[in-house]
Amino acid sequence: MIQGVEIKKLVRHSDDRGFFMEILRDDDKLLKNFGQASLSKSYPGVIKAFHYHKKQDDIWFFPAGNAQVVLYDVREESPTKGETNVFYLGEDNPQILLIPVGVAHGYRVLGSSPAIIVYFTSQSYDPADPDEYRIPWDDSEINFDWSTKNR
Ligand SMILES: Cc1cn([C@H]2C[C@H](O)[C@@H](COP(=O)(O)OP(=O)(O)O[C@H]3O[C@H](C)C(=O)[C@H](O)[C@H]3O)O2)c(=O)[nH]c1=O
């Protein structure tokens, strides 16, 4: 696994009314500090990739729909530089994922319903100087094949 990436499985407490699930606790010690909580919705088939940050860590959670999440370590001094990790997150697999500074991240929406992502960042967004760096989704160095492999 890419150095600094962490994943936590969420526990569903189901009963005859539905279910309850904790998402993120301060004693998880995952996020250095709270900066911002954000939500976005992406339509089926959309690929949002790749982004990385120089200051903030992200924690991703997909409460609805399902996504193929791809991480790529772009940190020069990292022992896992150049490593790719793939996770399947969403309503079928409720987990939170910590993405550290310098790890490029993106996702593809799977299935026929939109995916909702709720994410927590260790800094709030500064429109005058956004901590947002982009790499094309089909970057030749990352060389990730986003297609579903029928087998
Ligand atoms: C991130 C952000 C964006 N914006 C504005 C800026 C643009 O006018 C608009 C859409 O922003 P953007 O195209 O950067 O949004 P996404 O492509 O969904 O990217 C975001 O979600 C993916 C999953 C990431 O991983 C990125 O780090 C994060 O930036 O919202 C704000 O006003 N506040 C914010 O915190």
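Criteria and thresholds
Residues numbered from 1 in each chain as written. Predicted model: local features only at pLDDT ≥ 70, side-chain atom pairs only at ≥ 80, totals over all residues. Heavy atoms only, no water. Near = heavy atom within 4 Å. Polar contact = N/O pair within 3.5 Å; in protein donor to acceptor, adjacent residues only side chain to side chain. Areas by Shrake-Rupley, 256 points an atom, 1.4 Å probe, with all protein chains shown as cover. Helix = DSSP H or I, 4+ residues; strand = E, 2+ residues; numbered from the N terminus. 1 Å grid on protein atoms, 1.4 Å probe; cavity = no way out; pocket = protein on both sides within 12 Å on 5 of 7 lines; lining within 4 Å. Points joined across faces, edges and corners; volume = space filled by probe spheres on them. Nonpolar A, V, L, I, M, F, W, Y, C, P; charged D, E, K, R; others polar. Phe/Tyr/Trp six-rings, centres within 6.5 Å; stacked < 30°, edge-to-face > 60°. Lys NZ or Arg CZ within 6 Å of the ring centre and 35° of its normal. Salt bridge = Lys/Arg side-chain N within 4 Å of Asp/Glu carboxyl O. Buried < 20%, exposed > 50% of the residue type's maximum accessible area, 1.4 Å probe, protein only. UniProt positions renumbered as here; feature names shortened; annotations may be inferred. Contact = heavy atoms within 4.5 Å. Core = buried A, V, L, I, M, F, W, Y, C linked by side-chain atoms within 4.5 Å.

The next point concerns the site of the ligand. Inspection of the region around the ligand gives Gln36, Lys48, His51, His53, Trp60, His105, Tyr107, Tyr119, Tyr125, Glu132 and Arg134 as its neighbouring residues. Contact distances for the ligand include 2.5 Å between an oxygen atom and a side-chain N or O atom of lysine 48. Take histidine 105: an N or O atom from its side chain is 3.2 Å from an oxygen atom of the ligand. When isolated, the ligand has an accessible area of 650 Å², and the protein chains bury 61% of it. Those elements that provide at least two residues to the shell around the ligand are strand E5 (47-52) and strand E10 (103-110).

Turning our attention to the layout of surface pockets. Approximately 430 Å³ is the volume attributed to the largest pocket. As for the largest pocket, its lining consists of 25 residues, of which His53, Gln56, Asp58, Tyr119 and Glu132 are closest to the centre. If you list the elements that add at least two residues to the lining of the largest pocket, you get strand E4 (36-42), E5, strand E6 (58-64), E10 and strand E11 (115-121). When grouped by side-chain class, the residues that make up the lining of the largest pocket number six nonpolar, eleven polar and eight charged.

One pass over the full model with this rule turns up six aromatic pairs. Between phenylalanine 144 and tryptophan 146, the ring centres sit 5.0 Å apart and the planes meet at 80°, which makes this aromatic pair edge-to-face. Joined through ring pairs, the aromatic side chains of Phe50, Phe144 and Trp146 make up one cluster. The lysine or arginine in question, arginine 12, covers the ring of phenylalanine 19, its NZ or CZ lying 4.7 Å from the ring centre.

All chains considered together, the criterion is met by nine salt bridges. Here lysine 81 ties to glutamate 76 by a salt bridge, and the two come within 4.0 Å at their closest N and O atoms. For lysine 81, a relative accessible area of 35% gives the class partly exposed. Its salt-bridge partner being lysine 149, residue aspartate 145 comes within 3.7 Å of it at the nearest N-O pair. One continuous salt-bridge network, built from bridges that share partners, spans Glu22, Arg25 and Asp27.

Residues annotated in UniProt with the feature "active site" (unreviewed entry) correspond here to His51 and Tyr119. With the annotated positions falling across 69 residues, the maximum pairwise C-alpha distance of 13.8 Å places them together in a single cluster. Considered against the largest pocket, the annotated residues that line it turn out to be His51 and Tyr119. Mapped onto the fold, histidine 51 is located in strand E5. In this structure, tyrosine 119 sits in strand E11. For tyrosine 119, the residues in contact, after removing those within four places along its chain, are Gln36, Ala37, Ser38, Asp58, Ile59 and Trp60.

Trp60, Phe62, Val69, Leu71, Phe87, Leu97 and Tyr107 are the most contacted members of the largest nonpolar core, which totals 16 residues. Of all elements in the fold, only E6, strand E7 (66-73), strand E8 (84-90), strand E9 (95-99), E10 and E11 reach the threshold of two or more residues within this core. In this structure tryptophan 60 touches Val69, Gln95, Ile96, Leu97, Ile99, His105, Gly106, Tyr107, Ile117, Val118 and Tyr119, once residues within four positions along its chain are discounted. Of all hydrophobic cores here, the second largest spans ten residues; its members include Ile59, Phe61, Leu98 and Phe120.

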